[in-house]
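Spelled out from the first residue to the last, the chains are:
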Amino acid sequence: MTASSHPPLARRTTYSGIATIEERLEKMEQLHQKVDKAQQYQEGYQRKRATALLFYGSIFGLMGFAFAFATGLMKTLNTQDKYDSGYGYFSATVSEMVFDPRDAAGKAFFGFEFIGANFIFLSWYPWSLRNVFLGDDEIAFCSISWVMLRQLIPAPGMMLVATVTTTPIALARPRDIVTIAIHFSGAMMMFVGYVIIEGKTLGWRCFTHPIGGSKIDDVERKWRTFFVDGVCFWYIMFFAVQIVLGAAGGVGGSASRLPICCADTYSTPAGPHETEKLVNTASGIFLVLKVVSYASEVLCGINLIMSHLTIWYYCQERHIDLEDELIEMGGEQYKALPDTA
């Protein structure tokens, strides 16, 4: 072999080497694009899933209040002939209406509210939707961010309200006070907790605006402010009427301290192990106050749920358009690159 025959062979090797490197770079670029595409799909899927769970959780919560009210009203109308007042027993609170898990109203309320609370909790929407996300540096207290409080306060409070039922005061025994306190704590987490957290997100009333701002347009802010105002108004109305009912002798058949007629009448227990029994139902102004009390709590709950639905309606994440085909897993693109050593 002569010396003149070596350069062409060297050129072929060089060109072959360059081609190999170019192929490897192209393959790496393709792999990078596939990984980036998969990552974008995963992020988009998590955010869109959050919107779906938030929406269906809110709908289930709304249906819980609606079915509980409908079945409770039917029970009231079906028992109106049993008492001298001519009216059936009407509960002053939603909790009292659904306290018996064996009753139709109790079953409906527990089922819908528990499923709704779980959907909202599992959505992790505070960390996925930009119109509620304030960032992890916006601290409420004890190094806990406002976003984490939105995740861990209202939805678990809703679960407590649904699972730990209360007992009417007239029928409550000493040990029932514990469950009443737990139920009340859940209601405070659900309503008051949500108002405080949403108020901070919106910069509502006495709350300062978030440091980093938020992705909320003017129309959305107006609607969310309207529903937060509604929760506050109806919750205050509910407590005010409850105080009046208690002062008028609506708790356990106690003596009336206000000239309001006519409270529910209960029998006197014959022994220490017996509970009071309903003898006659409320009528007149007292019955009207009970209806107002119940309606106030229902409207408070509806405003709370509508606030969640407003967040869902205006969030941009529900419009995410995901890929129509899933990326193949375990194909050639996931194999190791060939060794060039």
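Remember, predicted model here, so these are calculated numbers, not experimental data.

**Student:** Quick rundown of the pattern of salt bridges? Include the residues and the values.
**Tutor:** Inspection of every chain in the model, using the stated rule, returns ten salt bridges. Here D229 and R205 are joined by a salt bridge, their closest N and O atoms 2.8 Å apart. Here the residue D229 occupies a position in helix 7 (residues 218-247), and R205 occupies one in the loop between helix 6 (176-202) and helix 7, the gap between them amounting to 24 residues. A residue is classified by how much of its surface remains accessible, and R205, at 59% relative accessible area, is exposed. E220 serves as the salt-bridge partner of R224, at 2.8 Å between the closest nitrogen and oxygen. Here the residue R224 and the residue E220 both occupy positions in helix 7, the gap between them amounting to four residues, near one helical turn. Like E220, R224 is buried.

**Student:** Any chance you could break down the confidence of the model for the chain for me, citing the residues and the numbers?
**Tutor:** Taken residue by residue, the chain gives an average pLDDT of 84. The fraction at 70 or more is 85%. At the level of individual helices and strands, the chain shows its lowest average pLDDT in helix 1 (residues 6-78), which scores 79, and its highest in helix 4 (residues 146-152), which scores 96. Confidence over residues 8-16 falls short of pLDDT 50; this stretch has zero contacts with residues more than four positions distant or in other chains.

**Student:** Tell me what's going on with the state of the cysteines, and back it up with residues and numbers.
**Tutor:** Scanning the entire structure with this criterion turns up one disulfide. Residue pairing for C261: its cysteine sulfur links by disulfide to C262, the two sulfurs lying 1.4 Å apart. For C261, a relative accessible area of 43% puts it in the partly exposed group. Cysteine C232 is unpaired, with the sulfur of C300 as its nearest cysteine sulfur at 8.2 Å.

**Student:** Describe in detail empty space enclosed by the protein, supporting the description with residues and values.
**Tutor:** Scanning all chains against the criterion turns up two cavities of 30 Å³ or more. A volume near 120 Å³ is recorded for the largest cavity. Of all the elements in the fold, those that place two or more residues in the lining of the largest cavity are helix 1, helix 3 (104-123), helix 5 (154-163) and helix 8 (284-314). A total of four residues in the lining of the largest cavity trace back to one element, the largest contributor, which is helix 1. Tallied by class, residues from the lining of the largest cavity come to eight nonpolar, four polar and one charged. Quantified by volume, the second largest cavity comes out at close to 30 Å³. If you go around the second largest cavity, the residues you meet are I120, F121, Y125, R150, Q151, P154, A155 and H308.

Each value, and the rule that gives it
Residues numbered from 1 in each chain as written. Predicted model: local features only at pLDDT ≥ 70, side-chain atom pairs only at ≥ 80, totals over all residues. Heavy atoms only, no water. Salt bridge = Lys/Arg side-chain N within 4 Å of Asp/Glu carboxyl O. Helix = DSSP H or I, 4+ residues; strand = E, 2+ residues; numbered from the N terminus. Buried < 20%, exposed > 50% of the residue type's maximum accessible area, 1.4 Å probe, protein only. pLDDT = per-residue confidence, 0-100. Contact = heavy atoms within 4.5 Å. Disulfide = S-S within 2.5 Å. 1 Å grid on protein atoms, 1.4 Å probe; cavity = no way out; pocket = protein on both sides within 12 Å on 5 of 7 lines; lining within 4 Å. Points joined across faces, edges and corners; volume = space filled by probe spheres on them. Nonpolar A, V, L, I, M, F, W, Y, C, P; charged D, E, K, R; others polar.

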